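Examining the three-dimensional arrangement
Spelled out, the chains give:
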Amino acid sequence: KGQARRTLCFLPAMPQKGKAGEAGEAGAAGVEGKDVVAKTTPIKPAEEIIKLVDIGDWAPATSSEPRRRQGGKLTGDDERPPEPKFAKAKMGAGIRKFSRGSSAKPAKGDNLKQNRQAEKDWKKNDEAVFRMVKGEVLQTEEAGFLEAEGREKTWKYSQSQIAEASTVGVAKKKINFTLPYGSYSCDFTRNGQYFLVGGRKGHVAMMRCDTMQIESELQLKETVRAVQTVHNHTLYAVAQKKYVYMYDSKGVEIHCIKDQRYPSHLDFLPYHFLLVSAGDLADLHYRDISTGQEVANHRTKLGPTRSLRQNPTNGVMHVGHSNGCVTMWTPSVKTPVVKMFCHAGHVTSMAVHGDYMFTSGAEGYWKVWDLRKYESVHTFKTYGNPAADIDVSMTGLVGVGFGSHLQIWKDVFNQARPEAAYLKEEYPGKTVSSVRFRPYEDVLGVGHSGGFETLLVPGAGFANFDSFESNPFETKKQRQEREVHQLLEKLQPDSIMLDPSRIGSVDKKIVQEFIKDQEAKAAEDAKTVKKKKKMRGKDKVGSRMKRKKLKDGKDGRKKAKDRIDGEDDSDDDDGDEESEGEGGGGGGDGKASNTGGTTADSKPVGALGRFYGKRRRKT
């Protein structure tokens, strides 16, 4: 639209003005008009000329006036029309999708080198975002959802109907295991290739989702309270009755973490390689699995932990407590950075997706919270039992398990509250205990009191994936290479903060305080530092002997002067005392007399006054 239509037209050549009449006369004269024909130039046969014209703007030219455009601009026969221009693509939505933090150009400071480096980094980041937006055109796959016709409702579709309408490859992803080992908790690896399950009575298994090949299976004969995969399937953690244990993909015990006792919840921060655990003793532990060291240990002081989930956007841990509060923690701060009152009962489960948080309480409600305003957006009520677990898919579908029921909701982020669930599933005689969506697949893993199974949920996973982030089809060599890159690019625990956009910014107040402290410290050091003597040739042997003799002579003269002044003072003092003794009337009681040149309440006078108060060296 908006571009001129172009076509190929075959136009006969137009004869020039004045020659057409002569040609006609010559033809009428025939042979008898030889004189007329001789006077005129021969006419060439009409040639078909191919020209590219615009149908909308082109009008056949007459012999009396040249070709004219609709815009009124005169053009010649040989002038080529302007080429059509491509419409500018709207990239605002794509840039907002892929950009991280502020895209404004960094402000310039006093250091020219740092300014050039900052501008260079900003250009690289801007180019990376631009390329991702342009490359999104090549991602032709789109997520598909169930669409009901007429008065039909999507929540009335059963799993058998969905599997029957799906292809063979999709239908094979639905599995069901009936096991007598208590309520199961489940988890998927980041690329969605492996499925980890753990029964309350000690059964732990890891299997490959596509082939259903069991990688490891353990019977621990001890209570299993939570399971968690870490950076890949080669290592996973199990919260058992008293400690946290680490196992490899073959089921061999690698490590036993005894710093925290009675753990109940586990989570893993993939970009920081931190295993986070919380338990019944109101403590929160951060442990780096790449080095094995404990990074942080916080005391919540709010009783046993009821739920624990991470915010994938900034790495902040959300902890639910028995008093209905949700606290948010970072490794570098000993106190919670945010504390919210969410429910009247204890918080049973949580999930975070972008700027929204989902919480469920023991009073039977589950809520959607906007983390930008810390306000409730929607409130939903369960029936029969409170929600046991909540999880959010990549596309924003929310799975809620309560009692023997499972509901999947769609469009809960919209301003209008959805009236009905997207899908439903019932488990008669069983209790749902765990709900987890499989990454990059339309599959939902469910753990219940009778085992575990997977459900088909159309539209739950991303249709396209970034192989540099997580590759569902990666080989062994690719996994090893990616693990090395993850370790090299590991983020420090101090980078976890509530507002990640502050990373890389400069606080001017702190900078000014730091500069003042440095200036004060430099001034103090300047006072204590001994100045360097620059003699400039005056430190020769003769010059040094001369200065030494001059100094000795000066000191000797000063001592002699002090001694003479002291003797004069002693003579004056003796004369004064004699006159006072004679004028005293000769009482003879001896109270006013002075022996040895001293008085009872004053220091010695005369030459001995120089030695008053000085200690005699002990020999």
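Preceding block: the structure.
To start, this report covers the structure provided alongside it. Treat the numbers as computed from the prediction; the structure is a model and nothing was measured.

A short note on the overall build of the protein chain
Summing up its helical and strand segments, the protein chain has 9 helices and 30 strands in all. When each of the 619 residues of the protein chain is scored for burial, the buried share is 34%. Considering only contacts in the protein chain between residues 6 or more positions apart, those separated by 24 or more positions represent 47%. When the accessible surface of the protein chain is split by element, carbon and sulfur atoms take 52% of a total near 40,500 Å².

So, the pattern of salt bridges
This model, assessed by the stated rule, comprises 17 salt bridges. Of the charged contacts, one joins Lys123 and Glu119 as a salt bridge, the two residues approaching to 3.9 Å between their closest N and O atoms. Of the two residues, Lys123 and Glu119 are both situated in helix H4 (residues 112-135); the distance of 4 residues between them amounts to about one turn of the helix. Overall, the relative accessible area of 24% leaves Glu119 in the partly exposed class. Bridged by salt links that share partners, the residues Lys105, Glu119 and Lys123 form one connected network.

As for the pairing of strand E10 (residues 244-248)
Most of E10 sits inside the fold, with 5 of its 5 residues counted as buried. Of the two faces of E10, both are covered, the one formed by Val244, Met246 and Asp248 as well as the one formed by Tyr245 and Tyr247. Counted along the chain from strand E9 (residues 235-240) to the antiparallel partner E10, the turn is 3 residues long. For E10 and strand E11 (residues 253-257), the ladder comprises 4 bridges, and the chain directions are antiparallel. Paired with Met246 across the two strands is His255, which belongs to E11. With antiparallel pairing between neighbouring strands as the criterion, E10 and E11 make up a hairpin whose turn holds 4 residues, including Gly251 at a positive phi of roughly 90 degrees.

A few points about the nonpolar core
Grouped together as the largest cluster of nonpolar side chains are 24 residues, with contacts concentrated most on Leu269, Val276, Leu284, Tyr286, Leu308, Met340 and Met357. Put simply, the parts of the chain that give this core at least two residues each are strand E13 (274-279), strand E14 (283-288), strand E17 (317-320), strand E18 (325-329), strand E19 (338-341) and strand E20 (347-353). Excluding residues that lie within four positions of it along the chain, Leu308 makes contacts with His265, Leu266, Asp267, Val276, Ser277, Ala278, Leu284, Met317, His318, Val319 and Met350.

Some details on the sheet that holds strand E5 (residues 194-199)
Taken together, 4 strands build an open sheet; the order of strands is E4-E5-E6-E7 and the sheet is antiparallel. One side of each edge strand has no neighbouring strand; the edge strands of this open sheet are strand E4 (184-188) and strand E7 (214-219). With strand direction ignored, the average angle separating the axes of adjacent strands in the sheet is 10 degrees. Where E5 meets strand E6 (residues 203-208), 5 bridges bridge the pair, whose relative direction is antiparallel. Among the inter-strand pairings, Gly198 is bridged to a residue of E6, identified as Val204.

Focus on the side chain of Ser277
Locating Ser277 in the fold gives a position in strand E13. Exposure remark for Ser277: the relative accessible area of 7% places this residue in the buried category. At 2.3 Å, the side chain of Ser277 and the side chain of Gln260 are in polar contact. For Ser277, the contacting residues outside a window of four places in its chain are Gln260, His265, Leu266, Asp283, Leu284, His285 and Leu308.

Observations concerning a nonpolar patch on the surface
A grouping of Val333, Val337, Tyr374 and Leu498 is seen on the molecular surface, where their side chains present a nonpolar patch of about 260 Å² in accessible area. By the secondary structure assignment, Val337 is in the loop between E18 and E19.

Examining helix H7 (residues 476-488)
The terminal C-alpha atoms of H7, which comprises 13 residues, lie 19 Å apart, in line with the 18 Å expected from a rise of 1.5 Å per residue. Every buried residue of H7 is accounted for by Arg479, Arg482 and Gln486. Mapping the buried residues of H7 onto a view down its axis gives an arc of 65 degrees, with all of them on the same face. Of the exposed residues in H7, those oriented more than 90 degrees away from the buried face are Lys477 and Leu488.

Observations concerning the sheet that holds strand E23 (residues 375-381)
With antiparallel pairing, 4 strands are arranged side by side in an open sheet as E20-E21-E22-E23. Whereas interior strands pair on both sides, the edge strands pair on one side only; in this sheet they are E20 and E23. Taken over all neighbouring pairs, the strand axes of this sheet differ in orientation by 20 degrees on average, direction set aside. By the bridge criterion, 6 bridges tie E20 to strand E21 (residues 356-361) in an arrangement that is antiparallel. Each bridged residue has a counterpart across the sheet, and for Met350 the counterpart in E21 is Thr359.

The rules we used
Residues numbered from 1 in each chain as written. Predicted model: local features only at pLDDT ≥ 70, side-chain atom pairs only at ≥ 80, totals over all residues. Heavy atoms only, no water. Helix = DSSP H or I, 4+ residues; strand = E, 2+ residues; numbered from the N terminus. Buried < 20%, exposed > 50% of the residue type's maximum accessible area, 1.4 Å probe, protein only. Contact = heavy atoms within 4.5 Å. Areas by Shrake-Rupley, 256 points an atom, 1.4 Å probe, with all protein chains shown as cover. Salt bridge = Lys/Arg side-chain N within 4 Å of Asp/Glu carboxyl O. Pairing = 2+ DSSP bridges. Core = buried A, V, L, I, M, F, W, Y, C linked by side-chain atoms within 4.5 Å. Axes fitted to C-alpha atoms, helices over the stretch in contact; angles between N-to-C directions. Polar contact = N/O pair within 3.5 Å; in protein donor to acceptor, adjacent residues only side chain to side chain. Patch = residues over 30% accessible without salt bridge, like charges linked within 9 Å, V, L, I, M, F, W, Y side chains within 5 Å. Expected span 1.5 Å × (residues − 1). Arc of directions from axis to C-beta.

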